[in-house]
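Coordinate analysis (summary)
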Amino acid sequence: SASASASASASASEAEQRRRKWRPVLGDTSAPMVGEFKYPVEKPLGPVVCSSRMVATQCPGVTKQVMRAGTGVVHPTERATCIVHYDMWQLNPSEQEVWSTRQEAEPHQVILGRIERDGKKKHHAGLTECLRTMLAGERALFHLPPSVCYGEEGH
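Residues numbered from 1 in each chain as written. Predicted model: local features only at pLDDT ≥ 70, side-chain atom pairs only at ≥ 80, totals over all residues. Heavy atoms only, no water.

So, about the overall build of the protein chain. For the protein chain, the count of helices and strands is two helices and nine strands. The order of helices and strands in the protein chain, counted from the N terminus, is α-β-β-β-β-β-β-β-β-α-β. Here the protein chain, with 155 residues, has 32% of them falling under the buried criterion. Once local pairs closer than 6 in sequence are excluded, the contacts in the protein chain between residues at least 24 apart make up 54%. A total of about 9700 Å² of accessible surface is found on the protein chain, and carbon and sulfur atoms cover 55% of it. (Helix = DSSP H or I, 4+ residues; strand = E, 2+ residues; numbered from the N terminus. Buried < 20%, exposed > 50% of the residue type's maximum accessible area, 1.4 Å probe, protein only. Contact = heavy atoms within 4.5 Å. Areas by Shrake-Rupley, 256 points an atom, 1.4 Å probe, with all protein chains shown as cover.)

Right, dumping it as structure tokens:
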């Protein structure tokens, strides 16, 4: 029937609009610069999705979405000390959480440009590359390729 196909088409269109809102693609300029974020209903422990514009960073393959604008005006420089909370998920079908500083209830201190052990966890180069793009108070969602994280094998 014509009404059933029109209804299915409208549902598909609404689903595509929701997908575009919550999972914008790189270069989609219709998305706002700062957007809302949420944990998906089907996966309440993450990873989060964000409605803001996805932009490329200077680090190859790394994209950023701003979830809350920062109040600072200067980006951190080499050897700057950043106090941060972060959550990391795998970008594969499992979307398994890799690490969250919130498990410890204490933010981590990261010195940009140094890959070191903080006594608990090794900070990888990808984290410092992300922090270089942020302002104080900013909350952002980054997508990083394995080459700047723990590698293809997860080491």
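We are not done yet, so read on.
Attention now moves to the environment of Q96. Tracing the sequence through the fold places Q96 in the loop between β6 (87-89) and β7 (97-100). The exposure class assigned to Q96 is partly exposed, which follows from its relative accessible area of 46%. Sequence separation between Q96 and P47 is 49 residues; the distance between their C-alpha atoms is 8.2 Å. Excluding residues within four positions of it along the chain, Q96 makes contact with M88, W89 and Q90.

Read across the sheet, three strands follow the order β3-β4-β9 without closing on themselves; strand pairing throughout is antiparallel. In this open sheet, the two edge strands, each paired with only one partner strand, are β3 (55-56) and β9 (139-143). Two elements, β3 and strand β4 (residues 63-68), share two bridges in a ladder whose sense is antiparallel. Residue pairing across strands places A56 opposite T63, the latter belonging to β4. (Pairing = 2+ DSSP bridges.)

A word on the pattern of salt bridges. Per the stated rule, a full pass over the model turns up three salt bridges. In this structure, the salt-bridge partner of E138 is K64, at a minimum N-O distance of 2.7 Å. One end of the pair, E138, is in the loop between α2 (125-131) and β9; the other, K64, is in strand β4, and 74 residues separate them in sequence. Of the two residues examined, E138 and K64, each falls in the buried class. As a salt-bridge pair, E129 and R132 come within 3.4 Å of each other at their nearest N and O atoms. The class for E129 is partly exposed, based on a relative accessible area of 28%. (Salt bridge = Lys/Arg side-chain N within 4 Å of Asp/Glu carboxyl O.)

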